[in-house]
Amino acid sequence: MNWRKQHINRKEFLRWAGILALVPFLYFWYSVIRVKSFQDGRKKIEIPLSAIVEGLSFHDQVIINREGNTFLVFSSKCTHLGCNITEKQGGKIICPCHGSQYDYEGNVIKGPATKRLKRLDFLIEEKEKMVVVMR
Amino acid sequence: MNLLSKIEKRFLPGTYGAIALASLLICAVSGIPLAFPFDVSEPFESLKVMMLTNPAGVFFRNMHYWSAQSFLVFTILHFWDHLYRSTEDNVKKGIWIRLVVSIFFIFFVMLSGFILKGDADSMQARMIFGSLLATIPGGKWISYSLLGKEGDFQILYVHHIATATIFIFIITYEHVRTVWPRMKVFLISLGMLAIFSFLFQAPIQTHITNIVKGPWYFLGLQEILHWTSHPWIVLICLLLLMILLFYIQQIPNKSKLTTKHILAALFIFYLGLTITGYFFRGENWSWTWNVTEAYNPFRPAGIYPENYFTDNTDLGKLNEGCLLCHEPMIGFSKSHDPSAIGCASCHLGNPFTPNKNEAHHSMISIPGNLNNAAKTCGTSQCHPDIITRVNNSIMTTNSGMVSVDRFIFGESDSLSKFSRITEIGHSAADEHLRNLCAHCHLGKNKDEFGSIGQLSRGGGCNACHLNYNQPTATELANYLSSNEPDTFLARNHPALNIEVSDDHCFGCHSRSGRISLSYQGWHETLLDKSEIPDTGTYKILEDQRVLTYVHEDIHHASGMTCTDCHISYGVMGDGNNYLHKEEQVMISCEDCHFSNTPDLAGIDDVDEESKKLLELYGWDEEKISMIIASSGYPMINTRVCGANTPMLILKKTGKMLPMKAPAEVCLNSKGHESLTCGSCHTRWTPQCLGCHNQYDKAADGYDLLANQPVEGSWVEFAGKYMALDPVLGIHENPSTGVREILTFTPGMVLSIALESYPGRRANDDMVFHRLFAPIDPHTTSAKGRDCISCHLDPLMTGYGQGKIHYDMKGSKIKLNFIPAYASNKHDDLPEDAWIPFLKDNDKLSSTRYHHRPFNPEEQKNILFAGTCLLCHDQEEVIMKEAIDDFELVLSKRTPACKEPQWAEPHL
Ligand code: FES
């Protein structure tokens, strides 16, 4: 660049402006995303006990396998690419997106998924007759 | 000249590139009006409202969609054409890079459009796209940057309308130095797209299915992702492909051609995968040959402005177009009211259009048949578990009926092989079922409107839960007699509820074992209605069968209906496959008539289905105590309260009945421990004799399973119907070792002319069976059988009707049986006998394993006690004592008491 030139031309202005703006812009973007990821932290899902039938039932983002008062709670998010699973068939939980199959304990029977369905922490609120699931 | 160039020259208004440019422009402009009704906070809902209230909006949406597809297709063709003609070298290197990068932006802008419609497929596509990005380092951030927060569409919307669109326009401008296509190309493209948009609807998923499909151009990718557990490999392949495209300008000419051939092969392969994914992937990733209506690429748009709503407050909470014509619609139970579940969740169709034809297209007028139940009553939000149970219920499989029938035809070596009526073929036995039995199963479709009545068979959920009130029935009659049914607008809807009356069961259960008849006290005759005698009580059923009155069941007399005993798990099943119907019964007499306090449960202890039922019956008070049946399921209509008499609440009327404990004699009687309640309290049993089955090739037959007329049919000839005392026999449970005495009926004393069937096998001849079937005929009386009716009755013991002759002359009593019926030529036994007098029946003699007639030792015991009754009145003290302890009474015999002589029975 010719420092002694009196005027900066349009192209140069844009290039410098671009380079200088990049740093604050990246920082801005970093901050936005960081805050967003805080907001996306663990969620609490409350499911009334009366909505949880014996055997397997599907709820908002949660699958519950109930045997009397014993509960197994999984995320309904397929571990392959995150599809929401809402159906079972022939004793299996089947992801409709690419056909991964899980058993009622959440273990993979057939890929493409390789990891079992994520177990979720939960507590039973006897008084409110609710299962509170932490997602 | 290559094919693509020829097409371009001959048929298209301009080059591929020019049409792509025109489409891009039309797409961008048609997107602007959509921004007004579209709401990023509720994309799906806002589109739904727009589609029902704004015909121009629908047109613009279609235009936006079809122009985008056109842009994509023509851009690909343009690219292909460039590569084919090797004109890519004419593009400057810098621009070429940006053009290659723009491929990503083109797909991104398309995909974001797909996601922004916000339906179920969109949500899944969003998850997949986000998760795919997250597999690369820093991918989470990229995912956030492109898609924004989960459930939030704002960032994506901005990228769709601004970032990606602007980028594509800039690149296009750089490439062609203009954004304005030629007038001719533009106008022709606009005209074509307008026609397309008027005719065909841009896709949107109208109801929930278990099929998930991404946008059509990514279906190949969806297939590829199915093969790999490491999706990042796919991303790397895509990146390599981009790099290859980028460097293609610099590849030396010879290898360039090979590279292009490889690219072409890959492209065609991908196209194949796309077609596979579009047409052949069905529910839960299974293969299918039917394209679901939701994925019909050319659903008619039906844009006629006069049909649209003028005000979206009329749409109802669920924004369904159905209510435009069908509001108000009354008659529903609370849970099935359209304000709660809409119309389309049961009837499907297209609720997002105000156009009648399109709305009714692929609609299901009678939901609840088992062939559509998974899509209607059984979707994941409604009753998915019940559908699985019902599919396995004995009322759907008819397993026992099929396996016993095949056995008696000699086609199976087991009476107890699990079978499904819907899977039968065309063997002699299966055809027999098709001609005579195969309509009494829940899988039989209900194809006509109307309530469930005497002539109804099957119907899936409707079989039990459909109820017409008077206005609905009248309206239906008017509709059916209307000259213009197409313009008839129904206002009344039958209810779907838990009011399962005996009439619902009657159609099927008034046949075969005829429990529905016997329970009400009626017995079927072989009379024609013209032969009804003047005396006696008779009635004629809708199918013209003539019934005569015998005696009703005590439970019927006290107002009890079938479902007062038969709980939901017994009727709909508990999910298990049962071989015979008695295995699925979840109730026994002792559950109500108990002597020791049974297991009890409160409302919080019972399963959710029972809880729901308690709520629906209005019995969900906090403090109730109900009985847990021996099957383990709660009987929700029982109440036990301290020392008070336990009560049963009738589900239909709410009337309370005391549940009486069994009499002392039932509990403490030595020698009678094996008697079940039914063996004493069953008052009568329908019995039939002389059944013969013959195939008539010339008969006008009917295939009840396929629901169509056929030529030739099995015909059943019945000899005689009688209402008699039940025959008693033994059931020995091999797993528990329990031996019990049950009631039987000559269920299958029949001959089958196997040789008459055209498809007979070699050696098929006349077969004869003498199989008695265990039956609970539901003819209970409060008073049990007396001593004489068992111990002096040859019918009860299994010899058939007749007389036992007692010769008292000698020191011992000689017994002899004189049958009422002549011997059957096939086995030389009296027509109605189960066993020869004082002998064993060494053949299989029951329709169930582990069930049998009395053996000679047991017969002797019964007859021995009977000989006492020859001298002693059954009311004498000594005979009462004998009931308590027979052995004790025997030890007190005087020399005057004679014993029977067993050694030489006279036959
Ligand atoms: S997301 Fe479930 S199989 Fe791919």
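That block above? That's the structure.
Just so we're clear, the structure is a prediction, and the values are computed from it rather than from any experiment. (Residues numbered from 1 in each chain as written. Chains lettered and ligands numbered in written order. Predicted model: local features only at pLDDT ≥ 70, side-chain atom pairs only at ≥ 80, totals over all residues. Heavy atoms only, no water.)

A word on the overall build of chain B. Within chain B, the regular secondary structure consists of 37 helices and 22 strands. Taken over C-alpha atoms, the radius of gyration comes to 38 Å for chain B, far larger than the 29 Å a tight globule of 907 residues would show. Counting only C-alpha atoms and orienting by the principal axes, one finds that chain B spans roughly 130 × 65 × 60 Å. Burial status across chain B gives 50% buried among its 907 residues. Taking the average place of the 73 positive charges on the side chains of chain B and the average place of its 95 negative ones, the gap between the two points comes to 8 Å. (Helix = DSSP H or I, 4+ residues; strand = E, 2+ residues; numbered from the N terminus. Rg over C-alpha atoms; globule rule 2.2 N^0.38 Å. Buried < 20%, exposed > 50% of the residue type's maximum accessible area, 1.4 Å probe, protein only. Lys, Arg positive; Asp, Glu negative; His and termini not counted. Charge placed at Lys NZ, Arg CZ, Asp CG, Glu CD.)

Another point: the overall build of chain A. Counting its secondary structure elements, chain A contains one helix and ten strands. Of the contacts made within chain A by residues no fewer than 6 positions apart, 38% connect residues no fewer than 24 positions apart. With an accessible surface of roughly 8400 Å², chain A has 57% of that area assigned to carbon and sulfur atoms. (Contact = heavy atoms within 4.5 Å. Areas by Shrake-Rupley, 256 points an atom, 1.4 Å probe, with all protein chains shown as cover.)

So, about the packing of aromatic side chains. Residues and elements named next belong to chain B. Enumeration over the complete set of coordinates arrives at 40 aromatic pairs over all chains. Where Tyr 479 meets Phe 488, the ring centres are 5.5 Å apart and the plane angle is 65 degrees; that geometry is what we call edge-to-face. Judged by relative accessible area, Tyr 479 falls into the partly exposed class, the value being 26%. By relative accessible area, which is 26% here, Phe 488 ends up partly exposed. One aromatic cluster is present, built from ring pairs that chain together Tyr 65, Trp 66, Phe 196, Phe 200 and Phe 298. Taking NZ or CZ as reference, Lys 117 lies 3.9 Å from the ring centre of Phe 114, over its face. Directly above the ring of Phe 153 sits Arg 126, whose terminal nitrogen or CZ lies 5.1 Å from the centroid. (Phe/Tyr/Trp six-rings, centres within 6.5 Å; stacked < 30°, edge-to-face > 60°. Lys NZ or Arg CZ within 6 Å of the ring centre and 35° of its normal.)

This part takes up unusual backbone geometry. Residue and element names in this part refer to chain B. With a phi close to 65 degrees, Asp 828 is a non-glycine residue in the positive phi region. Its place among the elements puts Asp 828 in the loop between strand E20 (813–819) and strand E21 (851–852). The residue His 850 is not glycine, and still its phi comes out positive at about 65 degrees. Counting through the fold element by element, His 850 comes out in the loop between E20 and E21.

Applying the stated criterion across every chain yields a total of one disulfide over all chains. Shown here is the disulfide that connects Cys 83 of chain A with Cys 97 of chain A, its sulfur atoms set 1.9 Å apart. Disulfide Cys 83 of chain A to Cys 97 of chain A: torsion about the S-S bond roughly -85 degrees, handedness left-handed. One end of the pair, Cys 83 of chain A, is in the loop between strand E4 (70–75) and strand E5 (88–89); the other, Cys 97 of chain A, is in the loop between strand E6 (92–94) and strand E7 (101–102), and 14 residues separate them in sequence. Comparing Cys 83 of chain A with Cys 97 of chain A shows no difference in burial state: the two are buried. Cys 377 of chain B carries a free sulfur, and the closest cysteine sulfur to it, the one in Cys 461 of chain B, is 3.8 Å from it. A relative accessible area of 18% means that Cys 377 of chain B is categorised as buried. (Disulfide = S-S within 2.5 Å.)

Looking now at the environment of Ile 775 of chain B. All names here are of chain B. Note on placement: Ile 775 falls in the loop between strand E18 (766–774) and helix H33 (787–791). Residue Ile 775 is classed as buried on the basis of its relative accessible area, which comes to 14%. Sequence spacing of Ile 775 and Ile 19 is 756 residues, and the spatial spacing of their C-alpha atoms is 77 Å. Excluding anything up to four places from it in sequence, Ile 775 contacts Gly 513, Thr 685, Thr 743, Phe 744 and Thr 745.

What follows covers the interface of chain B and chain A. Facing the 27 residues of chain B at the interface are 36 residues of chain A. Of the roughly 3000 Å² buried where chain B meets chain A, counting both sides, 56% is carbon and sulfur surface. Looking at the side of chain B facing chain A, the largest losses of area belong to Tyr 144, Asn 284 and Glu 608 of chain B, adding up to 21% of the total buried there. The tally of links between chain B and chain A comes to one salt bridge. The shortest N-O distance in the salt bridge between Arg 66 of chain A and Glu 608 of chain B comes to 3.0 Å. Looking at the side of chain B that touches chain A, the elements with two or more residues in it are helix H6 (120–134), helix H7 (139–147) and helix H10 (219–227) of chain B. If you tally residues by element for the side of chain B that touches chain A, the top one is H6 of chain B, at five residues. Residue classes in the side of chain B that touches chain A are distributed as ten nonpolar, ten polar and seven charged. (Buried area = accessible area lost by both parts, 1.4 Å probe. Salt bridge = Lys/Arg side-chain N within 4 Å of Asp/Glu carboxyl O. Nonpolar A, V, L, I, M, F, W, Y, C, P; charged D, E, K, R; others polar.)

All names here are of chain B. Ordered by their spatial adjacency, three strands build an open sheet running E3-E5-E4, and the pairing between neighbours is antiparallel. The strands lining the two open edges of the sheet, one partner per strand, are strand E3 (522–524) and strand E4 (538–540). Sheet twist, expressed as the average angle between the axes of neighbouring strands with direction ignored, equals 35 degrees. Sheet topology note: the E3/strand E5 (residues 546–549) ladder contains three bridges and is antiparallel. Counterpart to His 523 in the pairing with E5 is Thr 548. (Pairing = 2+ DSSP bridges. Axes fitted to C-alpha atoms, helices over the stretch in contact; angles between N-to-C directions.)

Looking now at the packing of helix H5 (residues 93–116) of chain B against H6 of chain B. All names here are of chain B. At their nearest, the axes of H5 and H6 sit 8 Å apart, and the two run at 135 degrees to each other. Taken together, the axis directions place H5 and H6 in an arrangement best described as oblique. Along the contact surface, H5 presents Phe 108, Leu 111, Phe 114 and Ile 115, while H6 presents Asp 121, Ser 122, Ala 125, Arg 126 and Phe 129. Broken down by class, the residue content of the contact of H5 with H6 amounts to six nonpolar, one polar and two charged. (Parallel < 35°, antiparallel > 145°, perpendicular 65-115°, else oblique.)

With that settled, the discussion passes to the nonpolar core. Nonpolar side chains tend to gather and get buried jointly when the protein is soluble and globular. Judged by nonpolar contacts, the single largest core of 46 residues is most densely connected at Met 110, Ile 115, Phe 129 and Ile 168 of chain B. Residues contacting Phe 129 of chain B, with those up to four places away along its chain left out, are Phe 108, Leu 111, Leu 146 and Leu 147 of chain B. In terms of nonpolar packing, the next biggest core, distinct from the first, is built from 22 residues, Leu 56, Leu 72, Phe 74 and Ala 113 of chain A among them. (Core = buried A, V, L, I, M, F, W, Y, C linked by side-chain atoms within 4.5 Å.)

This brings us to the side chain of Arg 785 of chain B. Relative to the elements of secondary structure, Arg 785 of chain B occurs in the loop between E18 and H33. Within the structure, the side chain of Arg 785 of chain B is placed 3.4 Å from the backbone oxygen of Pro 726 of chain B, a separation counted as a polar contact. (Polar contact = N/O pair within 3.5 Å; in protein donor to acceptor, adjacent residues only side chain to side chain.)

Residues and elements named next belong to chain B. Pairing is antiparallel in the open sheet, where three strands are placed in the order E6-E7-E8. The open sheet is flanked by strand E6 (600–601) and strand E8 (634–635), the only strands paired with a single partner. Looking at chain direction, strand E7 (residues 626–628) and E8 are connected through two bridges and run antiparallel. Each residue of the ladder has a partner; that of Ile 627, found in E8, is Met 635.

Time to look at a nonpolar patch on the surface. Residues Trp 232, Ile 233, Ile 236, Leu 239, Leu 240, Ile 243 and Tyr 247 of chain B make up a contiguous nonpolar surface patch of about 660 Å² in total accessible area. On the secondary structure map, Trp 232 of chain B appears in helix H11 (residues 231–247). (Patch = residues over 30% accessible without salt bridge, like charges linked within 9 Å, V, L, I, M, F, W, Y side chains within 5 Å.)

Okay, the packing of H6 of chain B against H7 of chain B next. Residue and element names in this part refer to chain B. Viewed as axis vectors pointing N to C, H6 and H7 meet at an angle of 145 degrees, and their least axial separation amounts to 7 Å. Facing Arg 126, Phe 129, Gly 130, Leu 133 and Ala 134 of H6, the residues of H7 in contact are Gly 139, Lys 140, Ile 142, Ser 143, Leu 146 and Leu 147. Here the contact of H6 with H7 is built from residues that sort into six nonpolar, three polar and two charged.

In this section: empty space enclosed by the protein. All names here are of chain B. Across all of its chains, the model carries one cavity of 30 Å³ or more by this definition. In this structure, the largest cavity spans a volume of roughly 30 Å³. If you go around the largest cavity, the residues you meet are Val 212, Lys 213, Leu 219, Gln 222, Glu 223, Gly 277, Arg 281 and Trp 285. For the lining of the largest cavity, the element with the most residues is H10, which contributes three residues. (1 Å grid on protein atoms, 1.4 Å probe; cavity = no way out; pocket = protein on both sides within 12 Å on 5 of 7 lines; lining within 4 Å. Points joined across faces, edges and corners; volume = space filled by probe spheres on them.)

The next subject is the pairing of strand E13 (residues 691–703) of chain B. All names here are of chain B. The sheet contact formed by E13 and strand E17 (residues 739–753) spans three bridges and is parallel. Residue pairing for E17: Cys 691 is matched across the bridge by Leu 750. In this antiparallel pair of consecutive strands, E13 and strand E14 (residues 708–717), the connection spans four residues, and Asn 707 shows a positive phi of 60 degrees.

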